[in-house]
Amino acid sequence: MRTQHAAPATPRPTPLQWLRYAFGGGLPRSLAPWVLSDTTRPGWVRRHVTRSLVQLSPLVVICLVAVPVGMGYRLTAAFGGLMVGLMYSLAFMVETTEHRVAKAGYPAGTAARLREERTEQARAARAEQRHAYRVGGAGSFD
């Protein structure tokens, strides 16, 4: 009797490596598949925003703690800075993720191509699920 073994899981970065990665640092080549997965699988936008919040957090803390004005001004400045930072982060999200993938050793455009392929596969699967009579060309109106 044959037993099936699960495929080895993609190695993940340690918390310190992830923090470095969140701030734009590179990861070891052994984690390149994880970087590609992180920037292309479903939820990649949420993960990008999380990394952006981590990057912005020191500035927000400094604004709240070190600026010598009233708390209302500090909260307003911190919130405004956070919103502007997130706006720019979202505006350059695709370019940033492509840069991460390129630093991991993949050709430029790999992440966008993979996301597009996955989107197209999901779209085709939804269409076949909704219109099962059309699977494989069956049910043609010719």
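Just so you know, these numbers come straight off a predicted model, no measurement behind them.

Our focus in this paragraph is the nonpolar core. In terms of nonpolar packing, the biggest core is built from 7 residues, these being Tyr-21, Leu-27, Leu-31, Ala-32, Trp-34, Val-35 and Ala-104. In terms of residue count, helix H2 (residues 32–40) provides more of this core than any other element does, 3 residues in total. Among all residues touching Trp-34, those that are not within four sequence positions of it are Thr-10, Pro-11, Arg-12, Pro-13, Trp-18, Tyr-21 and Leu-27.

In this fold, Trp-34 is placed in helix H2. Placed 22 residues apart in sequence, Trp-34 and Arg-12 show a C-alpha to C-alpha distance of 6.4 Å.

A word on the packing of aromatic side chains. Evaluation of the coordinates by the stated rule reveals 1 aromatic pair. Aromatic pair Tyr-21 and Trp-34: ring centres 5.2 Å apart, planes at 70°, arrangement edge-to-face. One end of the pair, Tyr-21, is in helix H1 (residues 15–22); the other, Trp-34, is in helix H2, and 13 residues separate them in sequence. When its relative accessible area of 2% is taken as the criterion, Tyr-21 is described as buried. One Lys or Arg, Arg-100, reaches over the ring of Tyr-21 and ends 4.5 Å from the middle of that ring. One cation-aromatic arrangement involves Arg-115 over Trp-44; the distance from NZ or CZ to the ring centre is 3.9 Å.

A word on the UniProt feature "transmembrane region" (unreviewed entry) in the protein chain. UniProt's entry tags residues 53–71 and 77–94 with the feature "transmembrane region" (unreviewed entry), counted in the numbering of this structure. Along residues 77–94, the helical share is 94% and the strand share 0%, with 27 Å between the first and last C-alpha atoms.

Two side chains with opposite charge may pair up if their charged atoms get near one another. Following the criterion strictly, the structure yields 4 salt bridges and no others. Residue Arg-113 is joined to Glu-117 by a salt bridge in which the shortest nitrogen-to-oxygen separation is 3.1 Å. Remark: Glu-117 and Arg-113 occur in helix H6 (residues 110–130); sequence separation between them is 4 residues, near one turn of the helix. Here Glu-120 and Arg-123 are joined by a salt bridge, their closest N and O atoms 2.6 Å apart. Taken together, the residues Glu-120 and Arg-123, both in helix H6 and 3 residues apart, mark about one turn of the helix. The exposure class of Glu-120 is partly exposed, given its relative accessible area of 39%. Accessibility expressed as a relative area gives 39% for Arg-123, which makes it partly exposed. Each of Asp-38, Arg-47 and Arg-51 takes part in one network of salt bridges that share partners.

Thresholds, definitions, all that
- Residues numbered from 1 in each chain as written.
- Predicted model: local features only at pLDDT ≥ 70, side-chain atom pairs only at ≥ 80, totals over all residues.
- Heavy atoms only, no water.
- Core = buried A, V, L, I, M, F, W, Y, C linked by side-chain atoms within 4.5 Å.
- Buried < 20%, exposed > 50% of the residue type's maximum accessible area, 1.4 Å probe, protein only.
- Helix = DSSP H or I, 4+ residues; strand = E, 2+ residues; numbered from the N terminus.
- Contact = heavy atoms within 4.5 Å.
- Phe/Tyr/Trp six-rings, centres within 6.5 Å; stacked < 30°, edge-to-face > 60°.
- Lys NZ or Arg CZ within 6 Å of the ring centre and 35° of its normal.
- UniProt positions renumbered as here; feature names shortened; annotations may be inferred.
- Salt bridge = Lys/Arg side-chain N within 4 Å of Asp/Glu carboxyl O.

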